[in-house]
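Given next are the chains, with one letter for each unit.
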Amino acid sequence: MKPRWKGKGSEAKAIADPMSKIVSLLQSSMVQSETCGLLSSCSVLVEVDAELADLLNRACFGRPRITAEKDKQWFQLDMEEAFYLCFSLRCLKVVGEDGCIKSNEELWEDLKSKKTVFPVSYKAYSHLRHKSWVVRSGLQYGVDFVAYRHHPALVHSEYAVLALLEGGNDQNGRLRVWSDVHCTVRLCGSVAKTLLIVIVNDNCQGAATPSCLEHYTVEERTITRWNPEQSREDQAVL
Amino acid sequence: MDAEDWESCSNDEVSVHGINNDDDDEENCYSSGFLSKLQFRKDISKAVWVDDLAMAEVVEKKGKMWVTMGIVRSGNTYCFIEETLFLIEIGALHLLDEKGICLSLKEVYDKLSFEKSGCFWELFEVYRHLKSLGYVVGRHGIPWSVKGQKTKAGNCTLQGSQERNELLEMDSKDNNTIIELFHNMQITEVSPAFDVFLPNSKFRKSSPGDPSFVVYLSRGTPPSRVEIEALERKHGPIALKFCHVENGRVSFFSFDRVELAVLP
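Quick look at the structure, then. (Residues numbered from 1 in each chain as written. Chains lettered and ligands numbered in written order. Predicted model: local features only at pLDDT ≥ 70, side-chain atom pairs only at ≥ 80, totals over all residues. Heavy atoms only, no water.)

## A word on the overall build of chain A
Moving on, step 1. Counting secondary structure elements, chain A contains seven helices and ten strands.
Moving on, step 2. Taken over the C-alpha trace, chain A has a radius of gyration of 19 Å; the compact-globule value for 238 residues is 18 Å, and the two agree within 12%.
Moving on, step 3. Judged by the C-alpha coordinates and their principal axes, chain A covers about 65 × 45 × 30 Å.
Moving on, step 4. Looking at chain A as a whole, 50% of its 238 residues qualify as buried.
Moving on, step 5. Across chain A, the fraction of contacts at a sequence separation of at least 24, relative to all contacts at a separation of at least 6, is 59%. (Helix = DSSP H or I, 4+ residues; strand = E, 2+ residues; numbered from the N terminus. Rg over C-alpha atoms; globule rule 2.2 N^0.38 Å. Buried < 20%, exposed > 50% of the residue type's maximum accessible area, 1.4 Å probe, protein only. Contact = heavy atoms within 4.5 Å.)

## Points about the sheet that holds strand E5 (residues 93-96) of chain B
All names here are of chain B.
Moving on, step 1. Spatially, six strands are ordered E5-E1-E2-E4-E3-E7 in an open sheet, and the strand pairing comes out mixed. In this open sheet, the two strands that pair with only one neighbour each are E5 and strand E7 (145-146).
Moving on, step 2. Pairing of strand E3 (residues 71-73) with E7 involves two bridges; the strand directions are parallel. By the bridge assignment, Val72 is partnered in E7 with Ser145.
Moving on, step 3. Against the sheet, helix H4 (residues 81-89) makes contact with strand E1 (45-50), strand E2 (55-60), strand E4 (76-79) and E5, and its axis sits at roughly 125° relative to E5, the strand it touches most. (Pairing = 2+ DSSP bridges. Axes fitted to C-alpha atoms, helices over the stretch in contact; angles between N-to-C directions.)

## Here we look at the interface of chain A and chain B
Moving on, step 1. Counting from both sides, the interface comprises 59 residues of chain A and, opposite them, 52 residues of chain B.
Moving on, step 2. Note on chain A versus chain B: buried area summed over both sides is about 5,000 Å², and carbon and sulfur give 54% of it.
Moving on, step 3. Counting the surface chain A buries against chain B, the share from its top three residues, Trp178, Arg221 and Trp226 of chain A, is 18%.
Moving on, step 4. Here chain A is connected to chain B by four salt bridges.
Moving on, step 5. With a closest N to O distance of 2.7 Å, Glu219 of chain A and Arg225 of chain B form a salt bridge.
Moving on, step 6. The interface formed by chain A and chain B includes 15 residue pairs in polar contact (both at pLDDT 80 or more).
Moving on, step 7. Elements with a contribution of two residues or more to the side of chain A that touches chain B: helix H2 (19-33), helix H3 (50-59), strand E3 (63-65), helix H7 (178-190), strand E9 (194-201) and strand E10 (217-226) of chain A.
Moving on, step 8. By residue number, the principal contributor to the side of chain A that touches chain B is E10 of chain A, which donates eight residues.
Moving on, step 9. Split by residue class, the side of chain A that touches chain B holds 25 nonpolar, 15 polar and 19 charged.
Moving on, step 10. Pairing between E10 of chain A and strand E11 (residues 249-254) of chain B: three bridges, direction antiparallel. (Buried area = accessible area lost by both parts, 1.4 Å probe. Salt bridge = Lys/Arg side-chain N within 4 Å of Asp/Glu carboxyl O. Polar contact = N/O pair within 3.5 Å; in protein donor to acceptor, adjacent residues only side chain to side chain. Nonpolar A, V, L, I, M, F, W, Y, C, P; charged D, E, K, R; others polar.)

## Some points on the pattern of salt bridges
Opposite charge on two side chains permits pairing when their charged atoms draw close.
Residues and elements named next belong to chain A.
Moving on, step 1. Scanning the entire structure with this criterion turns up 20 salt bridges over all chains.
Moving on, step 2. A salt bridge links Glu81 to Arg136, with the shortest nitrogen-to-oxygen separation between them at 2.9 Å. Highlighted residues: Glu81 in helix H4 (residues 79-88) and Arg136 in strand E6 (residues 134-137), separated in sequence by 55 residues. As far as the burial class goes, Glu81 and Arg136 line up, both buried.
Moving on, step 3. Two residues, Lys131 and Glu220, come together in a salt bridge whose shortest N-O distance is 2.7 Å. Within this pair, whereas Lys131 is found in the loop between helix H6 (118-130) and E6, its partner Glu220 is found in strand E10, the two being separated by 89 residues in sequence.

## Section: unusual backbone geometry
All names here are of chain A.
Moving on, step 1. Positive phi values are uncommon outside glycine, yet Leu175 reaches one of about 55°.
Moving on, step 2. Structurally, the position occupied by Leu175 is in the loop between strand E8 (159-165) and H7.
Moving on, step 3. With a phi angle near 60°, Cys204 is a residue other than glycine that sits in the positive phi range.
Moving on, step 4. Mapped onto the elements of the fold, Cys204 is located in the loop between E9 and E10.
Moving on, step 5. Taking the relative accessible area as the measure of exposure, Cys204 reaches 77% and is therefore exposed.

Here is the structure:
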C-alpha cells in the first residue's frame, strides 16, 4: 500500500522536515534541559517547557496531559517511548518514587516486571524508531503498534505492527491459530493498513540487562491476503 | 500549543471497496447466477481409472482444457484424482473403471480418500477453486511432460509395458513423498501442494517455465517463521502462498519478507 498523505502539501512538508532531524533536535534539547521523568506504574511523567513540548509533539513521543499549570506542560510517556529516550537516545533520566535516578538496568528491570514481553516489544519499537518511523500504540487496532511514515497529522499509518518472539509461540498467543490470522488481517485491511510482524530473535541472549538487546536480531514480514479473483491478469500484483 | 490529540482526529475507518467483499460469498453460492456458470458440456472426454497408479488415463479428449490439464508420459495423458474429479464435477469427463463401466461421482469421491491418490478433500478444494478461476494448476514436483516413445494402442494396454513401469516408478516415488508428508502432519504443518500459473498465459506442457507461485496448504496452525524460511530457500525467487481451507472457504496468505525503508 502506498502512503496515504493527509491533504495537499503534507508530503512536501514531510520531505522538508525529516523526522530524523526532529528527533535529533528533541534529543539535544532534552540533554540541555537535563530532563527528568517520574516513573509511575507503567508511565513516565515528564514536566517540560514550551520548546520541549513542541519538540515532543513534533517527534510524536508521549501524550500531552492537560493541566491547569500555565508555564509548564506535562507529558505522559509509554514504557517503550521512555526507555527509548533513556537508553537509545540517552536524553532522559527517570526517577522512582524514592526520588533517586534509576540506572538503565534498574529501569529495565522495573519495566520488565510490569510487562513480561517488554524486551520483545521494545526491540520492535526501537528497530522501527531507529529507521525514523513514528511508532505509536496500536491498541485500538488490536495490535502492538502502528507505524507512520511521518507525523500522524500529515499521514495515515501504513503498518499495524505485532512484535513476536522467534520460536513460533508468541508469549501472548497472537496469531497462534488461523482464525487469528484471518481476524487481524481483515481488521488491518478495513483500516487500510498492512499487517507487519516484527519477529525478534533473542539469539539465546536472554533479557537480563538492556545490553542483551544489542545481540537480538529482527526480521520483518508482512501478512497479506491474496484474492485470486482479482489478480488473474496482473503478474505484478502477485 | 494546543493539546490536540491528532491521532484520534484521523479517521482510519475506511470502507475500501472490493478488498474484502467476502459477505457476498455466502449469498453468491446459493444464487442461480453461480450455478449457471457451471457449463455442462456436450463434448465429454473419456478416461479410464488405473488403480495401481491412482490416476486416470485419458482415452478420448474433447475440448481445449487438455492444453493445461493432465501430465504427458510417452504420448499418453494421465490425470491425478483432483483433475479427474474437477472435470467430472463440471460434466466434462466420463471416468470408466478397468471393465469399461462408468464410475459414479460417489465412487470417485471415494477414491479421493485413498492414501495412494496423494490428495485429500481440502487439497481438492484448493485445486478446484483456482481451476474455476482459470489458473493453470499442477502438482509441485511432477513434470508436465516427459519425452518418450508413443504406445502403440491407446486404451488400457499399459499392463506389463515399459512405459507403465516407468510411470509407476516416477509417480509412486512422488506420491510416497506426499504420503510421508501427510503422516508427518504433526511435525510440519504444511504439505506440498501446487504450482500455479496465471490464466491466459501461453502455457505449454512441453515448456511450462516457472510457476507464478507455489501454494502450500496448511492444515493445522499457521506456518512458523522457520518453516517459511526453509520453503523460501527451497524455491528461490518463486513466490509462495499459504493456503487455509475451512468450512469450504479457501483463503490465501503471503508471509513475505520485507524491510521497511530507513526514512530521512
